[in-house]
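# What the coordinates show
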Protein chains: 2
Amino acid sequence: MSLVVVGTVAFDAIETPFGKTDKILGGAATYIGIAAGKLNVDARIVSVVGGDFPQEYLDLMNNFGIDTDGIKVIPEGKTFFWAGRYHNDMNSRDTLVTDLNVLADFDPVLPESYKDSNFLMLGNLTPQIQQRVIEQFPVRPRLIVMDTMNYWMNTAWDDLLKVIGMVDVLTINDEEARQLSGEYSLIRAARKIIAMGPKYLVIKKGEHGALLFNNESVFFAPALPLEEVFDPTGAGDTFAGGFIGYLAKTGDISFENMKRAIIFGSAMASFTVEKFGTEGLQAINNGDLNDRIRQFSQLVQFDIELD
Amino acid sequence: MSLVVVGTVAFDAIETPFGKTDKILGGAATYIGIAAGKLNVDARIVSVVGGDFPQEYLDLMNNFGIDTDGIKVIPEGKTFFWAGRYHNDMNSRDTLVTDLNVLADFDPVLPESYKDSNFLMLGNLTPQIQQRVIEQFPVRPRLIVMDTMNYWMNTAWDDLLKVIGMVDVLTINDEEARQLSGEYSLIRAARKIIAMGPKYLVIKKGEHGALLFNNESVFFAPALPLEEVFDPTGAGDTFAGGFIGYLAKTGDISFENMKRAIIFGSAMASFTVEKFGTEGLQAINNGDLNDRIRQFSQLVQFDIELD
């Protein structure tokens with residue numbers, strides 16, 4: 001199965017209590033693409049970069065099996081740049097710089113060669129851009145997964161609701177689920193959000209795991225407690241990439257298989273946070289991933305015989 | 001097996017976004033005792049109340065099979081009173097009143113009839129009081145579980161470390177585990193805390209579940225996502241009561257059985273938060289509890305075949 005990923009390809013500069021980086025490879029589509037590539041999925045990125053984006057980074061993506069034909073290069077422009085500093089607790093961060101650069105005028109164009117893709121991952125972007133991508137498919141993809149954030153709830157409510165109504169799976173964090181639904185209870189929040197259109201809701205809780213809902217069931221996957229939490233940047237995108245990557249790889253979009261996809265996404269994200277940027281994710285092989293999935297099984301496994 | 005519970009028996013006045021109560025029955029030992037009583041464990045409370053504490057509340061505890069001989073009544077004194085108001089997110093609260101009253105001079109005396117007990121639960125109290133209780137046992141109980149909080153880390157560090165070194169299981173929240181160990185990673189925090197004496201550490205994360213550590217393994221239990229979260233007061237104490245209650249009932253203190261005990265504690269706590277005070281916990285029967293334990297199994301169950 002083939003997967004189109006729409007999202008940012010960027011430079012990030014990151015400071016954590018454990019160190020800092022210069023401008024390194026970042027962006028949602030980058031993490032999503034590499035995660036999917038690690039699962040041998042034919043991932044195709046739609047994005048935009050400036051003339052300052054090194055060929056070396058495009059080569060790197062190609063080496064992970066990612067099709068970069070849909071990454072438009074604007075020679076006279078500069079690549080989207082984000083700089084942030086994590087607090088000591090690593091759960092919160094300050095954004096130091098957001099230079100949209102070429103992203104400000106991003107008008108995504110789906111290459112002809114991408115149009116037969118049956119999975120679509122909409123990374124966090126302006127809802128209008130997400131919508132324009134969906135509309136370029138001659139046949140609706142089998143599964144559309146959409147990420148978004150509270151910023152669009154505050155600034156583009158109507159546009160956001162429109163796209164939410166067009167997708168199959170929405171991924172947001174717990175605070176955003178509460179804001180979007182106006183409900184404190186995540187059970188009630190999920191019910192309301194599913195009534196807005198998506199058949200599935202994934203609530204990402206960072207170090208506290210993730211919840212998967214459909215209209216009748218709920219599944220919870222913890223985050224693996226880790227020895228090293230070095231840099232959380234990209235963890236949510238890696239999770240999304242592992243999730244949709246696993247679904248695209250298996251071609252099975254049942255609730256039972258989505259549970260497995262959540263575990264794959266969580267396992268992949270656990271590698272991302274152990275190193276700066278994409279470094280941790282880049283280095284893993286199948287054996288590493290399988291070991292970590294076994295750790296997830298052990299972490300939650302219990303056996304109670306009830307009367 | 002019999003269980004001694006040392007902790008507060010109190011009046012609570014609670015405000016949540018959903019309503020408020022007058023002075024109602026509260027206190028850590030109350031929740032712990034009722035939870036253990038629900039599991040048919042012979043629970044024996046050591047505490048202190050004033051002349052204003054109604055006989056009706058003592059009768060209520062006795063009806064749950066709780067031995068109240070160790071609750072000293074000081075006729076001229078007033079019962080410990082706590083009043084608090086929860087914020088809209090229910091994760092944080094303001095303390096409005098803390099009247100220690102008779103608790104200020106609490107000097108626990110273990111009745112002769114309690115001294116053969118083989119399980120001991122030390123509710124959150126001054127570390128020195130917790131220590132004095134341990135020292136009154138002619139034979140050390142088979143299992144000592146201790147709850148504490150950041151307040152004692154800030155005000156009674158040396159006393160706290162001394163008691164921590166005398167117990168088998170310590171229960172604290174994630175922020176407290178980080179403060180006690182000086183480590184951000186909970187894996188590292190657990191290792192350091194276990195080196196302080198306890199063989200087991202339980203990290204309570206409220207709506208995000210609970211972690212159980214020994215020196216080589218880790219187990220995670222989620223909190224059940226609930227339709228109604230009405231009043232979190234007593235959830236942590238109910239969890240502790242269900243945990244040690246299950247261990248006392250089964251007489252099995254292996255790591256595998258502690259995993260089951262964590263699930264029982266989590267399931268019981270889920271009833272407490274659905275109503276004000278002890279009301280939710282009081283109402284449950286075996287069938288309710290078993291149903292909820294099945295929900296825990298379903299919530300985390302997944303099945304992945306790895307290559």
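Quick look at the structure, then. (Residues numbered from 1 in each chain as written. Chains lettered and ligands numbered in written order. Predicted model: local features only at pLDDT ≥ 70, side-chain atom pairs only at ≥ 80, totals over all residues.)

What chain A contains, in helices and strands, is 11 helices and 14 strands. Relative to its length of 307 residues, chain A is compact, with a C-alpha radius of gyration of 18 Å against a globular reference of 19 Å. Taking the principal axes of the C-alpha coordinates as reference, chain A spans close to 70 × 45 × 35 Å. Expressed as a percentage of its 307 residues, the buried residues of chain A come to 50%. Contacts spanning at least 24 positions in sequence make up 67% of the contacts within chain A whose residues lie at least 6 apart. (Helix = DSSP H or I, 4+ residues; strand = E, 2+ residues; numbered from the N terminus. Rg over C-alpha atoms; globule rule 2.2 N^0.38 Å. Buried ≥ 20, exposed ≤ 12 C-beta atoms within 10 Å, placed from the backbone. Contact = placed C-beta atoms within 7 Å.)

Residues and elements named next belong to chain B. Pairing within the open sheet is mixed, and its 9 strands lie in the order β6-β5-β1-β9-β10-β11-β12-β13-β14. A single partner strand is all that each edge strand has here, and the edge strands are β6 (67-74) and β14 (218-221). For this sheet, the mean inter-axis angle between neighbouring strands, taken without regard to orientation, is 15°. Relative to strand β13 (residues 210-213), strand β12 (residues 200-204) runs antiparallel, the two sharing 4 bridges. Looking across to β13, one finds that Leu201 is bridged to Phe213. Sheet contacts for helix α1 (residues 28-38): β1 (2-6), β5 (42-50) and β9 (119-122); angle to β5, the most-contacted strand, approximately 160°. (Pairing = 2+ DSSP bridges. Axes fitted to C-alpha atoms, helices over the stretch in contact; angles between N-to-C directions.)

Now for the interface of chain B and chain A. Tallying the contact residues gives 28 residues for chain B and 28 residues for chain A. Tallied by class, residues from the side of chain B that touches chain A come to 19 nonpolar, 3 polar and 6 charged. (Nonpolar A, V, L, I, M, F, W, Y, C, P; charged D, E, K, R; others polar.)

Residues and elements named next belong to chain A. Most of strand β10 (residues 143-147) sits inside the fold, with 5 of its 5 residues counted as buried. Going residue by residue along β10, you find Leu143, Val145 and Asp147 tucked away on one face and Ile144 and Met146 tucked away on the opposite face as well. Looking at chain direction, strand β9 (residues 119-122) and β10 are connected through 4 bridges and run parallel. What sits directly across from Met121, in β10, is Val145. In this fold, the crossover linking β9 to β10 by way of helix α3 (residues 127-135) has right-handed handedness. (Right-handed = clockwise from strand over helix to strand, strands pointing away.)

This brings us to the relation of the copies chain B and chain A. It takes a turn of 180° to lay chain B on chain A, together with a shift of 0.0 Å along the axis; the resulting RMSD is 0.0 Å. The operation mapping one copy onto its partner corresponds to a two-fold rotation axis. Looking at the rotation axis and the C-alpha trace of chain B, the residue lying nearest is His208(B), at 3.0 Å. An overlap of 100% is found between the interface residues of chain B and their copies at the interface of chain A, pointing to a shared contact surface. (Least-squares fit on C-alpha atoms with pLDDT ≥ 70 in both.)

Residues and elements named next belong to chain A. One open sheet accounts for 9 strands, arranged β6-β5-β1-β9-β10-β11-β12-β13-β14; its pairing is mixed. Both edges of this open sheet fall to β6 (67-74) and β14 (218-221), since each of them pairs with a single strand only. Averaged over all pairs of adjacent strands, the angle between their axes in this sheet comes to 15°, without regard to strand direction. Where strand β11 (residues 169-173) meets strand β12 (residues 200-204), 5 bridges bridge the pair, whose relative direction is parallel. Within β12, the residue paired with Ile172 across the bridge is Ile203.

Attention now goes to the environment of Ile164(B). All names here are of chain B. Within the secondary structure, Ile164 sits in helix α5 (residues 157-164). For the pair Ile164 and Arg93, spaced 71 residues apart in sequence, the C-alpha separation works out to 27 Å. Contact partners of Ile164, with chain neighbours within four places excluded, come to Leu170, Met196, Gly197 and Pro198.

Attention now moves to the environment of Thr16(B). Residue and element names in this part refer to chain B. Mapping Thr16 onto the fold places it in strand β2 (residues 10-16). For Thr16, a count of 20 C-beta atoms within 10 Å corresponds to the buried category. When residues no more than four places from it in sequence are discounted, the contact partners of Thr16 are Tyr86, Met90, Phe230 and Asp231.

These figures come from the coordinates and say nothing about function on their own.
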